[in-house]
Structure formats: structure tokens, C-alpha cells
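Breakdown of the fold
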Amino acid sequence: MATRWLSWLAADDLPQPRADAAAVELIDVRKVYVTGAGEFEALREVNFRVRAGEFVAVVGKSGSGKSTLINMITGIDRPTEGEVWVAGTPIHLLTENQIAIWRGRTVGVVFQFFQLLPTLTALENVMLPMDFCNVNPPSGRSQRALELLEMVGVGNQADKLPAKLSGGEQQRVAIARCLANDPPLIVADEPTGNLDTQTASAVIDLFVELAQKGKTILIVTHDEDIAQRGSRIVVVSEGRIVSSAVAGEAKS
Amino acid sequence: MSSLLGISPRWHKVWADLWGNKLRTVLVVLSISVGVFAIGMLYSCYLMFERDLTNSWRSASPASASLYADPFDEELVDSIRSLRGVKEAEGRRNADIRVKTADGEWRQMFLTAIPDYVKQKVNIVRPQTGAWPPGDGDVLLERSSLQNLGIAQGDTILVETPAGKKREMKVTGVVYDASQIPSLFSGRYYGYINMDTLEKIDASRQLDQVNFVVQPWVLQGQATEPIDAVGRKAWSKLEQGNTTVFWLQVNKPGEHMLQSAINALIWLLAAMGALSLILGTFLLVNTVSAILAQQVRQVGIMKAIGARKGQILQMYLTLVGLYGILALFVAAPLGAVAADAVTRFIAGVFNFNSGGLALPWQVIALEAGVALLVPLIAALWPIWRGTGVTVREAVSDYGISTVEASGWLDQRVDSILERLKKLPRPVLLSLRNTFRRKGRLILTLLTLTLAGTVFMAVFSVRSSLYSTLDEAMDYFHYDVSIGFIQNYRASRIEQEVMRVSGVKTVEAWGMTSGRVLRDERKESEDEASKNVFILAPPIQTTMVKPRIVEGRWLIPGDESALVVNTEVVKDSPQLKVGGPAVIKVGTRRLVFTVVGVVQSTLTGPIVYAPYDWLTAAVQEAGRARSVQVVAQSADPKEQSVLGRALEEHMKKNSLRVQEVNVIWELKQRIRAQFDIITTFLLIMAVLLAVVGALGLTGTMGINVLERTREIGVLRAIGASSLDIGKIFVIEALCIGLISWLAGLILALPVAAVLSYQVGVLFLQNPLTFSFSFLGVAIWLVLSLLLSVLASLLPAWNASRLSVKDVLSYE
Ligand SMILES: Nc1ncnc2c1ncn2[C@@H]1O[C@H](COP(=O)(O)OP(=O)(O)OP(=O)(O)O)[C@@H](O)[C@H]1O
Ligand SMILES: [Mg+2]
């Protein structure tokens, strides 16, 4: 406790990332949840590597552990055992605050629901990560946010509050926001879960485009077609990675 | 928009939380304001009292002590002035006489003649309006006497001289005498004349009082002993001049004579301020916790996109800080206005000059400190906890606000609700809602309960004050008493009284005054005790019914027996039942045996001796100086009329009246003094009721907001606006009732303690405790009313929401 306090007060120096590392690397990761009913092993001995620029689709049945796996990589959750390296940083060793700072600059996160702060406009939502992580000079932030919104096709909605946007539009704003600090890694947990097929496909186009620009992308999806658009499909079942294959080969 | 204004998005979010939810902001700001207002008002009142009271009083150059004696000449004053340790001495002449005012009523007036109005040195009387100094045959009135006396400048009053002659005097001006106890408290009216006018009231041009101020080096802090020592030297000086001295009155240095009463009022205000602050802070904590509970996901999202806990902490603390600043803007001016009003009121009552509103920087600094620091410190824990939520907890549905019963308490509540199954659905739903958020419920209940407790306790203090008064007044079994200037034959007095119509029974008493001495030695005469009244009723008197504290009342066969009241014992603690008491009456030293102690009746130190023995001892056998009368009518107005009639009749028959007391009027006057305390207590009660109302409205507002989705679902399955409104009103009524009950239980001990304290502070005696069921009933009605009102607004808001509004919420 005391050390965490101190680390919160101290400047949050991040360990220097190792050069030449994989974009994501999980080594012997195990995750156990302790619940009232007893222990539950959500991830078991997961070893997993993603190279920079890959577009990985994570699939599996509900409750298989996809979100848990993804949360290890974003630092939203911590492994019970094992190591998690992202872009050369051992995030299993970082404090909460270090993770927050690291995540803000390194990972763009997109969720399924409740993405945007309801009291801020789309534009402000996109500016928020730059604000928190102090990336870009303040004067240039709204310009950059607008460009990002235009890039995802909702530039004309910039001044609306989230409640006035459709689900698809909200998701696009969320994607624009995850790009705000220009992170090398983007992680999305069922970003199209509550969108219709057409809108979902348009959103996925955005991710494909980003992958082509060199971003590393990890998305969780239930949709076979969407999964097929990635460069690799990882199948999770009962807390284990049961297959990892280049897209198109998974089915066989 | 915000980018145009140049505010960064996170501060814009803070602004939106503040501005976007105005009802909530108003409630939070008001809950902070209540405490800031009370504390600010208290502090600035305190500072004004300090300044004004001290100024008014110091500028009058108050006497360190006063000596009262038989008339003496001016030279004696000079010899006292030249005593070592005396800085300034001044003589005056007093006359306690009856005056008849324009409305035809006779009243008691204390006339003071001052040798040189221009060169006053001690207890300085200052001109207010009209003539200065008083001309021959004219009188100036003290300003605190004006209100009740019904005389204006320019009126003529009729005075009765000690010799029984009637003379007219003109009221030509108004003065301010800071050294007299204001009329409201003393029941006396003060008039000022010049030395020549003394002749007009048949008095010699001599003095009978010396006021003196000691040299600063004599004083040792607030001790009265050094002044006493100088006073005794002055006493001997007067006696060397062949003057009989009655009494040395020593004042506590540097302290206004009503300081303790004012301090008590300030204590009362302080208690009120602290309580409002505490309760307001509870409300704030409640609301801030609710804001954070409601924004768990937003906190999670911010963390997910890179916000550190410190940054989020800062945002919410800023929000609270802004609430505090707004509260400061609301509370500071109100506090100043209230402080001004309170100081004016107190200045009027206690007769000092209010120097007007002062708003020194200390007050603003204190208010700012309270408005900012207290909320920030109080909100720190809920904010710390709320912003500590992890991203996973926030975005997954695990871990947050599990509704199912988990703890012992919840299971208890659920099982109780289970048994109440027969209640209608909406009632059940309300009850379950009420108990769902335990932390908030507890804080709300605590606030309301405390507010209710004090509200009810305040009413009990009020009724205790009144029953103390009633009990004291129960002592009097007569309606009118008349004191005479000299002794007359008892049978003559009684005969004359019976001639006046409306008199039922009459009893003539011996009456004199004296000083209690420590023992029989001659030297003990130097040790001043306060004057005591010696009443000598017939042994089987039916006119008074004293409450025996120790020993017994006078019985037939008693001779030198003495009964003393508690006030006397306080001053002369050496008096014990069974022990001796030495009292100096005039030049005689009388030795009694104390047989009993009776409760004092708010009328000062009194001892009782058997009529036959005392009148014989002072060689006035068969004579009396006072008469007590029971009226035929129980109507207070008629008793007053009887009092006047008796006075007129006595005067007509050349019985010279010193004073007439109508018991009913005495009671009225004491009640007026008690009402000052009661007024403050009621202000306190109202403030607490406001806090309670704010608390309940806040809680209900939060509850409605939190259950917007639930309301949507209810509407979707066909609930009418009325049904939904009912749920919240019933919930609020439940909270109101529970807090009323809890408050009722607490009110009894709290009221007892508060009554005790108020009694000790104001009357130097605990009050006779009387629990006020009126207060209980008022708070019940008020709680129920407040509950309905507090839930109506949020409930109305909620029932207005359409299904679509609700489902797109958040
Ligand atoms: N905080 C937690 N406490 C207890 N058990 C948990 C917790 N989080 C997840 N689990 C359990 O771990 C398992 C994996 O959960 P996870 O959320 O990773 O599944 P998922 O594959 O993402 O499912 P879905 O497709 O429904 O989102 C589930 O069985 C879930 O019940
Ligand atoms: Mg999942």
C-alpha cells in the first residue's frame, strides 16, 4: 500500500521499453477469479505473441475468456501468474498509475457500450485523451480531433452530444478517440456488437485501414465474417488459446 | 464550443457537471451554505459584540465598585478619591420613587442626581436627544426605559415625593447610561435630574452613592479581591465621616454585567452553527457519493483512455471546490445581513451601541475556509473511493452495485419486507428502494434525525423555561404586593386595604433589608455581603408557598428562626441548617438560627423570619412595611386595575407607598426575558428544519435520478405518472417517519441536557425539565409535509419522462 502511495506521488517514470520486441507477448499467463462460489480459472497457461502491424481477431464462445485475455493486454486487468509484455514494456510490473499513463500513449481502447462521456461533445471526447496525457500542444488538439472525426466519417457531427448520435456514429467517435494519441496498438472488445451488419462492416473497414497504416490491432468479435477480415484469427476456449491461424485457414 | 472558450475538455466536463444539473447544484450549494452562513454569522456577531459591547461600556468608564450609604457630603467623595489605589471617584444621589405617567399608571422610577453632568468621570451618562444637562425640575430618561414606559420627550410626569407630595416634572431629553442593567431585565425605569431638583422631591442636596475606579496597578486579572480591599478602605473613610454604609458592590473588572448572558447566547449560536455545518456536510457527502456512484462508468472510460487517478481526483475536487465558492457567494452576504440583524437585536435588548455591520477580513477568511476546506475534506473520502474504481469494474458489470442482499442487515430488511407482503405493490417497491442504498439512507436518516432531535429538544427547552417560571411563580399565592416607605400599624394597613373593592384577603408583613455577616465579630462587618431582603410574614401565612430544599418552613413557636433562600446560600455559603446566621439590620446585629433553605424564585436573595420576633427585635412590634393582597378576580387585567386602585387608595389615606408589584406583571416581564432565549432557540430550530428539507430533497433527487431506467421500465409496463410519483412520495414518507421516531427517542436525553445547560448559562440554575409534546407534534407534521414536498419535485420530474427519454438515458 505504502509503496503504491509513494509511486502515485512520485513522477511516474516508465521503464524503458526493450527494442526489437514483439508488439504483444503473453508468457504463461494464468488468471484466476476468486468468487463467492470458489476460484474460477478464466485463463490457463496462455502464451501468445502478436507482431507489430498484425490485425488479430479473437473469437470464441461467450464466457470463454476473450475479454479477460484482451484486458491483460490493455492493462485493464492483471494476470494472476505470468508475464505480459506490450511493445517491450512489462506491464504486469507496472503500478496502476504507470499503466494509466502507459495505456494513454500506447493503447487505444474501444468498448462495446458506454464509450463516450455524455456531457462532452464528440469533438471534446476525442480531445480528452490528448488532454489527459498531454500529447500535442493544446492549441492543435481540436484541429487534430476534427481531422480524426473526419477520417472516421463523422466530421459533421463534431459538436453534438453523444446522446444525439446513433450507435454507429458513437462507435466511430470512439474509434477516432482511440487514435487521438496516435497509439501503436489498438484493442477493441466487440466494437460492432450492437451495430447492424452494414454499419459493422463500415466500422471494420476503418480498422483494416488502420492496420494497413501500420497499427497493431486486436479485436474481439462473435462475427465470423468480421473475423475473416483480420490477418490472423485466435480462437479462445475455456481460457485457453486453442488455435491461432492466418485468416482463411481457421475454418479448415 | 468549449474549444472556442479555450477550456480543455476535462474542465468542460467539470463545468457540465456543475451547470448541467442545476437542481443538484442548488441543493449542494445550499447544504454547504447553511453551515457557512451559520458560522459566518456567528463569528461576525461575536466580533461585533466584542467590539460594540466593550466600546459602549468602556467609554462609560465603568465603576470598579460602588458604595451605598446614608446621605453624606461631597467632601467625603474627595477623601475617597485621594485614597491610595483609587483613580477616580464620583458621588451621586439616588431616589427610588413612584411616578405617574400620561396613561395614568403609577410606576417605579429610579432617579439619579449627578452633581456635574459635564465633568462626569465614572459611570458616565451620555446625552442622546433633547436637553443636556437636565434643567431645574426636569428629568431625562434612560433610552432603554423609553419603550416600556410609554413616555415621550416633552411629556410631563407626576412624581410622588417621599413625603407624599405630588410634583410635576417635565421629560426634556433622553440619555444613555451604559452602566445600568437595561429596563427589560431590571424592571426599573431610570431618570436623571440635577442636584437642585432634589429639593423638589424632598431630598437633601447630599450624596448617597460613591462610584470609584481603581488604579490599573491594583487589578490582578479579573479578580475582585483587590477591588474589594480598596472598597473596604473607602467604606471606613465614609464611616469615619459618621456615615452609615449599607453595601459595597464590586464589579468584575473588564466585564459587562450582562456578559454572561451574552456569552450564553453566543454559545447557543455556536452550537447552532456547528450543528448546521455538520448536517450540511453530511448532505454534501451524500450527494458527492451519489455523483460518483452514478459516474462509475465515466471514471472507468477516462481511465481507459489514459487518465491517472490523480487527474480524475482533481476534477471532482474542483467540482466540490466550485460548489464551495458558489456557497460562499450565497452564504457570505446572507450571513452579514443576519449578523447585522442579530447584533442590532442584541444591542437593543442589552442596551449597547451597535457600531453597525463590520465585515473584517477574518470573517470572510473563516467563511471561505469553511466553504472550501470543509467540503473538500468531507468529500475527499467518497471521491478517493469513487475514483479508485478500476476500468474493469467500471466497464464489466462485475463488482458494482450488486443489488442482491448480501449483508446481515439486508437479509434482515428483506425478511421484514417478506412479512409485509400484504402491502400494496408500490408501497413494497418504495420500501425496498428506501433500504437499497444503505450509506445514503443512513446519512439522510442521520441528518433528519439530528435536525428533528434538536428541533424537538429546542421546544422542550422552551417549555422547560416556562415551567421553571410557572414553578417559581407558584411561590406567590398573592396577586398584588405593596411596599411602604416606612412602617405603619399592621392593623391600619389591613383595614385600608380591605376598603378597596376587589380585595379577597390581605396579610401585612414586616419587611426590611440587611447584610449577612460571616460571624458576630465586629471586623466581619467589613466583609461585604450583598444586601438581603428580610421578610417577616405571620408564621401561618397563606400568601407564599416556598419550595423547601432543606430543613423546614417557619412553624408556630419559632422565635429567632430563619429560613433562607438558595440565592442567599450562594452568596453566603457558611449558612447551614441548624447553624447561626448574623444579619446586620441598620445598626443592629441580629442573630438567628437557620431552620430551612427554600428554592429561590427569580426574585433575588431573601430570608424569612417570624413576624412577631423580628418586629420586636427591630422595635417595630405590631407594625408592618409591606402588604400582600389576594384579588377576588383571577383576571390579570383586573388584578392590574386593583393594583392601581390600591396604590391610589393608600396615597389618599397618607400611607406612603414605596412600590407596588402586580405578580402577573412580574411574570410577564420575566417571560419577555425568556422570550429572547426562545427566539434564538427557534431560529436554531428553523435553520435545522431547512437543513432537513434540503437533505430529504437531495436524497430523493438522487434516488429518482439513479432509478431513471427503472422508471422507464415501469412506464413501459403501464405504470401511470401517479403510480410512479406515489412510489417516491411513499419512500420519502418512510424516511420522514423513521427519522421522526429516532429523533423522538433521542430528543428526551438531548432536551434534558440542553435544558440543564441553558438553565445554568442563563439563570445560574438548572431548569425544571418539561418535555414538549407540542414540539414532537410540530416536527411530525413538518417531517411529513417536508417528505411530501421533497419528493414531489423529483417525482414529478421522473413521472414526466417518456419511455424513450429514459431508455436513451446515459
Ligand atoms: N470479475 C470476475 N469475477 C468472476 N468471474 C469472472 C470475472 N470476470 C470474468 N469472469 C468469468 O470469466 C470467464 C471469462 O469471462 P470473459 O468476460 O473473458 O468472457 P468472454 O469470452 O469475453 O465472454 P462474452 O463473449 O460473453 O463477452 C467467464 O466465465 C466469467 O464468468
Ligand atoms: Mg466479453
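Residues numbered from 1 in each chain as written. Chains lettered and ligands numbered in written order. Predicted model: local features only at pLDDT ≥ 70, side-chain atom pairs only at ≥ 80, totals over all residues. Heavy atoms only, no water.

Some details on the overall build of chain B
Helix and strand counts for chain B stand at 25 helices and 20 strands. Taken along its principal axes, the extent of the C-alpha atoms in chain B is 100 × 60 × 50 Å. For chain B, the residues scored as buried account for 53% of the 810 residues in total. The long-range share in chain B, meaning contacts at least 24 apart out of those at least 6 apart in sequence, stands at 81%. When the accessible surface of chain B is split by element, carbon and sulfur atoms take 59% of a total near 34,200 Å². Looking at charge distribution, chain B has the averaged site of its 80 positive side-chain charges lying 9 Å from that of its 70 negative ones. (Helix = DSSP H or I, 4+ residues; strand = E, 2+ residues; numbered from the N terminus. Buried < 20%, exposed > 50% of the residue type's maximum accessible area, 1.4 Å probe, protein only. Contact = heavy atoms within 4.5 Å. Areas by Shrake-Rupley, 256 points an atom, 1.4 Å probe, with all protein chains shown as cover. Lys, Arg positive; Asp, Glu negative; His and termini not counted. Charge placed at Lys NZ, Arg CZ, Asp CG, Glu CD.)

Observations regarding the interface of chain A and chain B
In this assembly, 31 residues from chain A lie in contact with 30 residues from chain B. Interface of chain A and chain B: buried area, both sides summed, is about 2,800 Å²; carbon and sulfur atoms make up 68% of it. The interface formed by chain A and chain B contains two salt bridges. Linking aspartate 131 of chain A and arginine 10 of chain B is a salt bridge whose minimum nitrogen-to-oxygen distance equals 3.2 Å. Seen at the junction of chain A and chain B, the total is seven residue pairs in polar contact (both at pLDDT 80 or more). Elements represented by at least two residues in the side of chain A that touches chain B include exactly helix 1 (2-9), helix 3 (96-106) and helix 4 (122-133) of chain A. Examining the composition of the side of chain A that touches chain B, we find that eight residues originate from one element, helix 4 of chain A, more than from any other. Looking at the side of chain A that touches chain B residue by residue, the class counts come to 18 nonpolar, six polar and seven charged. (Buried area = accessible area lost by both parts, 1.4 Å probe. Salt bridge = Lys/Arg side-chain N within 4 Å of Asp/Glu carboxyl O. Polar contact = N/O pair within 3.5 Å; in protein donor to acceptor, adjacent residues only side chain to side chain. Nonpolar A, V, L, I, M, F, W, Y, C, P; charged D, E, K, R; others polar.)

Looking at the site of ligand 1
The immediate surroundings of ligand 1 are formed by 16 residues, with Ser62, Lys66, Ser67 and Thr68 of chain A together with Arg392 of chain B found nearest. Bordering ligand 1 are residues originating from chains A and B. Contacts to ligand 1 include glutamate 190 of chain A, whose side-chain N or O atom sits 3.5 Å from an oxygen atom. Coverage of ligand 1 by the protein chains reaches 77% of its 620 Å² of free accessible surface. Among the secondary structure elements, those contributing two or more residues to the shell around ligand 1 are strand 1 (24-35), strand 2 (38-50) and helix 2 (66-74) of chain A. Take the shell around ligand 1: its biggest share by element is three residues, from helix 2 of chain A. Split into classes, the residues belonging to the shell around ligand 1 amount to four nonpolar, eight polar and four charged. (Near = heavy atom within 4 Å.)

Here we look at the environment of glutamine 574 of chain B
Residue and element names in this part refer to chain B. Here glutamine 574 shows up in the loop between helix 18 (566-571) and strand 16 (580-585). Residues glutamine 574 and arginine 518, 56 residues apart in the sequence, show an inter-C-alpha distance of 7.3 Å. Not counting the four nearest positions on each side in its chain, glutamine 574 is found in contact with Val516, Leu517 and Arg518. Within polar-contact distance, the side chain of glutamine 574 engages the backbone oxygen of leucine 517 at 3.4 Å.

Structural notes on the confidence of the model for chain B
Detail in the predicted coordinates should be disregarded across regions flagged by low pLDDT. All names here are of chain B. Residues with a pLDDT of 70 or more make up 91% of chain B, whose mean pLDDT is 84. Every residue in residues 398-406 scores below 50 in pLDDT, and together they form nine contacts with partners more than four places removed in sequence or on other chains. Two numbers describe this predicted complex: its pTM, 0.78, and its ipTM, 0.86. (pLDDT = per-residue confidence, 0-100.)

Things to note about helix 5 (residues 138-151) of chain A
All names here are of chain A. For helix 5, spanning 14 residues, the distance from its first C-alpha to its last is 20 Å, which sits close to the expected 20 Å at 1.5 Å a residue. Of the positions making up helix 5, those classed as buried are Arg141, Ala145, Leu148 and Leu149. Projected down its long axis, helix 5 carries its buried residues within an arc of 100°, all on one side. As for helix 5, its buried residues are in contact with helix 4 and helix 6 (167-178). Looking one or two residues beyond helix 5, the residue adopting positive phi is glycine 153, at roughly 85°. (Expected span 1.5 Å × (residues − 1). Arc of directions from axis to C-beta.)

Re the nonpolar core
One finds Leu26 and Leu218 of chain A to be the most contacted residues of the largest nonpolar core, which totals 163 residues. The dominant element in this core, judged by the number of residues it contributes, is helix 11 (residues 309-350) of chain B, at 18 residues. Ignoring sequence-local partners within four residues, the contact set of leucine 218 of chain A consists of Val24, Phe48, Val56, Val58, Ile70, Ile73, Leu185, Ile186, Val187 and Ala188 of chain A. (Core = buried A, V, L, I, M, F, W, Y, C linked by side-chain atoms within 4.5 Å.)

Remarks on the side chain of arginine 103 of chain A
Following the sequence through the fold, arginine 103 of chain A ends up in helix 3. Put simply, arginine 103 of chain A is tucked away with no salt bridge, and the nearest opposite charge, on glutamate 96 of chain A, sits 5.5 Å away. Only 2.9 Å separates the side chain of arginine 103 of chain A from the backbone oxygen of threonine 74 of chain A, close enough to count as a polar contact. When near neighbours in sequence (up to four residues on either side) are disregarded, arginine 103 of chain A contacts Thr74, Gly75, Ile76 and Val109 of chain A together with Lys303, Ala304 and Val391 of chain B.

Considerations on the pairing of strand 8 (residues 189-193) of chain B
All names here are of chain B. With five of five residues buried, strand 8 is to be regarded as a mostly interior element. Taking every second residue as pointing to the same face, both faces of strand 8 are buried, with Tyr189, Gly191 and Ile193 on one and Tyr190 and Tyr192 on the other. Sheet topology note: the strand 3 (residues 106-113)/strand 8 ladder contains five bridges and is parallel. Counted as the bridge partner of methionine 109 is tyrosine 189 from strand 8. With two bridges connecting them, strand 5 (residues 138-142) and strand 8 associate as antiparallel partners. Residue leucine 141 lies in a different strand from strand 8, and its bridge partner there is glycine 191. (Pairing = 2+ DSSP bridges.)

Considerations on the packing of helix 3 (residues 22-58) of chain B against helix 11 of chain B
Residue and element names in this part refer to chain B. The contact between helix 3 and helix 11 brings their axes to 6 Å, and the two run at 35°. Both helix 3 and helix 11 take part in a crossing whose hand is right-handed. Partitioned by chemical class, the residues of the contact of helix 3 with helix 11 number 20 nonpolar, six polar and three charged. (Axes fitted to C-alpha atoms, helices over the stretch in contact; angles between N-to-C directions. Left-handed = near helix turned anticlockwise from the far one by under 90°.)

A few points about the sheet that holds strand 2 of chain A
Residue and element names in this part refer to chain A. In spatial order, the strands read 2-1-4-5; together these four strands make up an open sheet with antiparallel pairing. Of all the strands in the sheet, just strand 2 and strand 5 (89-90) have a single pairing partner and so form its edges. Of the pairings in the sheet, the one linking strand 4 (residues 81-86) to strand 5 comprises two bridges and is antiparallel in character. Its bridge partner lying in strand 5, valine 86 is registered against threonine 89.

Thoughts on unusual backbone geometry
Residue and element names in this part refer to chain B. Tryptophan 132 connects to proline 133 through a cis peptide bond whose omega is -10°. Take proline 133: it is sitting in the loop between strand 4 (125-130) and strand 5. The backbone of serine 61 sits at a positive phi, close to 50°, despite the residue not being glycine. For serine 61, the position within the fold is in the loop between helix 3 and strand 1 (65-72).

With respect to helix 23 (residues 721-763) of chain B
Of all bends in helix 23 of chain B, the biggest is about 40°, found at alanine 747 of chain B, and the proline proline 749 of chain B comes one to four residues later. Downstream of helix 23 of chain B by a residue or two, glutamine 764 of chain B has a phi angle that is positive, lying close to 60°. (Bend = angle between axes of the 7 residues up to and from the residue.)

Overview of the packing of aromatic side chains
All names here are of chain B. A complete count under the given rule lists 15 aromatic pairs over all chains for this structure. Pairing phenylalanine 476 with tyrosine 478 gives two aromatic rings, centres 5.6 Å apart and planes at 90°, and the pair type is edge-to-face. Take phenylalanine 476 and tyrosine 478: they sit in the same class, and that class is buried. Members of the aromatic cluster, connected to one another through ring pairs, are Tyr475, Phe476, Tyr478, Trp509, Trp553 and Tyr608. Lysine 309 extends its terminal NZ or CZ atom over the ring of tryptophan 384, reaching a point 3.5 Å from the ring centre. Over the ring of tyrosine 466 we find arginine 671, and its NZ or CZ is 4.5 Å from the ring centre. (Phe/Tyr/Trp six-rings, centres within 6.5 Å; stacked < 30°, edge-to-face > 60°. Lys NZ or Arg CZ within 6 Å of the ring centre and 35° of its normal.)

Notes on the sheet that holds strand 10 (residues 240-246) of chain A
Residue and element names in this part refer to chain A. Across the sheet, which stays open at both edges, the six strands sit in the order 6-7-8-3-9-10 with mixed pairing between neighbours. Edge positions in the sheet fall to strand 6 (107-110) and strand 10, since each has one partner strand and no second. Taking each pair of neighbouring strands and ignoring which way they run, the sheet shows an average axis angle of 15°. In this sheet, strand 8 (residues 216-220) lies alongside strand 7 (residues 185-189) in parallel orientation, the contact comprising five bridges. Bridge assignment links leucine 185 to a residue of strand 8, and that residue is threonine 216. Contacts from helix 2 reach strand 3 (55-60), strand 6, strand 7, strand 8, strand 9 (232-237) and strand 10, with the element oriented near 155° to strand 7.

Observations concerning a nonpolar patch on the surface
All names here are of chain B. Together, Val26, Leu30, Val330 and Leu334 make up a nonpolar patch on the protein surface, roughly 300 Å² of accessible area in all. Looking at the nonpolar patch, the elements that each hand over two or more residues are helix 3 and helix 11. Tracing the backbone through its elements, the reader meets leucine 334 in helix 11. A residue is classified by how much of its surface remains accessible, and leucine 334, at 49% relative accessible area, is partly exposed. (Patch = residues over 30% accessible without salt bridge, like charges linked within 9 Å, V, L, I, M, F, W, Y side chains within 5 Å.)

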